Amino acid sequence: MNILHIDSCALGDHSTSRQITSAAIAALTTNYDQATVLYRDLAASPLSHASGPLLQVISQRWDADIPMNAELRAEALQSASLLKEFQDANVVVLGAPMHNFSIPSTLKAWMDRLLELQTVTASEGSAHLHLLLITSGCDVMGRDCQEKLMHNHESQLKAAFESMGIRHLHVVRKLADLQQALELQRAA
């Protein structure tokens, strides 16, 4: 089993999403002792934000008037590598907290690359993948508003990953929900 573990919260050890992703990885590696885990910390090693030229290169809509330089070529290769990591995974454990009413910009930079490349490859390769989407945050403005914001946050993320062919997606907001999501993942 190949597991891709992604954290994106900048709060380090104080992050609820990091605590839950860590617990998920511990449980998965206990259940699958032959599992290989690839870890990517988008807060500690952020990707550059997708520029117009980069999006043109990875979406195969390159304008020949724009010079191709070594930096852009390296960014395109890195983007292809990120997609391969994602597609090669059996399980992705993704920490996607809400920061200032949205996902962290580092996670957005990662998703921009995957979403653009996935539309080009139109691969069925992601249909087998199980995604544990760990969400957290939004402890402001009262319970009703908090629930609406989290629902919107999770709905947008689900839509993005479903557009990539992900059929097995489980949302986990708190540690108590993790065991049920792991059981559903095993059953699927």
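Scroll up to find the structure this text is about.
Residues numbered from 1 in each chain as written. Predicted model: local features only at pLDDT ≥ 70, side-chain atom pairs only at ≥ 80, totals over all residues. Heavy atoms only, no water.

Novice: Got a minute to help me understand unusual backbone geometry in this structure?
Specialist: Working note: non-glycine residues mostly have negative phi, and peptide bonds are mostly trans. Positive phi is not limited to glycine here, since Asn 100 has a value of about 50°. Its location among the elements puts Asn 100 in the loop between strand S3 (91–95) and helix H4 (105–121). A positive phi angle, close to 75°, is found at Phe 101, a residue other than glycine. Residue Phe 101 is classed as exposed on the basis of its relative accessible area, which comes to 55%. (Helix = DSSP H or I, 4+ residues; strand = E, 2+ residues; numbered from the N terminus. Buried < 20%, exposed > 50% of the residue type's maximum accessible area, 1.4 Å probe, protein only.)

Novice: It is not clear to me how helix H1 (residues 16–31) should be interpreted in this structure. Could you clarify?
Specialist: An α-helical turn contains 3.6 residues, so a residue and the one three or four places further along point in the same direction. Taking 1.5 Å as the rise per residue, H1 with 16 residues should run 22 Å; its terminal C-alpha atoms sit 23 Å apart, in good agreement. Where H1 is concerned, the buried positions are Ser 17, Arg 18, Ile 20, Thr 21, Ala 24, Ile 25, Ala 27 and Leu 28. (Expected span 1.5 Å × (residues − 1).)

Novice: Which parts of the structure should I look at to understand helix H3 (residues 70–88)?
Specialist: Spanning 19 residues, H3 covers 27 Å between terminal C-alpha atoms, matching the ideal 27 Å at 1.5 Å per step. The opening residue of H3 is Asn 69, an N-cap whose side-chain oxygen sits 3.2 Å from the backbone nitrogen of Glu 71. (Polar contact = N/O pair within 3.5 Å; in protein donor to acceptor, adjacent residues only side chain to side chain.)

Novice: I'm lost on the pattern of salt bridges in this one. Help?
Specialist: Where charged atoms from two side chains of opposite charge come close, those side chains can pair. A full pass over the atoms with the stated rule returns eight salt bridges. Residue Asp 88 pairs with Lys 84 through a salt bridge whose shortest N-O separation is 2.9 Å. A residue pair is termed a helical-turn pair when its members lie 3 or 4 positions apart in one helix, as Asp 88 and Lys 84 do in helix H3 at four residues. Judged by its relative accessible area of 39%, Asp 88 falls in the partly exposed class. With a shortest N-O distance of 2.9 Å, Arg 173 and Glu 147 are connected by a salt bridge. On the criterion of sequence distance, the pair formed by Arg 173 in the loop between strand S5 (168–172) and helix H6 (175–187) and Glu 147 in helix H5 (residues 143–163) is long-range, its members being 26 residues apart. Using a relative accessible area of 35% as the deciding quantity, one classes Glu 147 as partly exposed. Through salt bridges with shared partners, a single network forms among Asp 7, Arg 18 and Asp 41. (Salt bridge = Lys/Arg side-chain N within 4 Å of Asp/Glu carboxyl O.)

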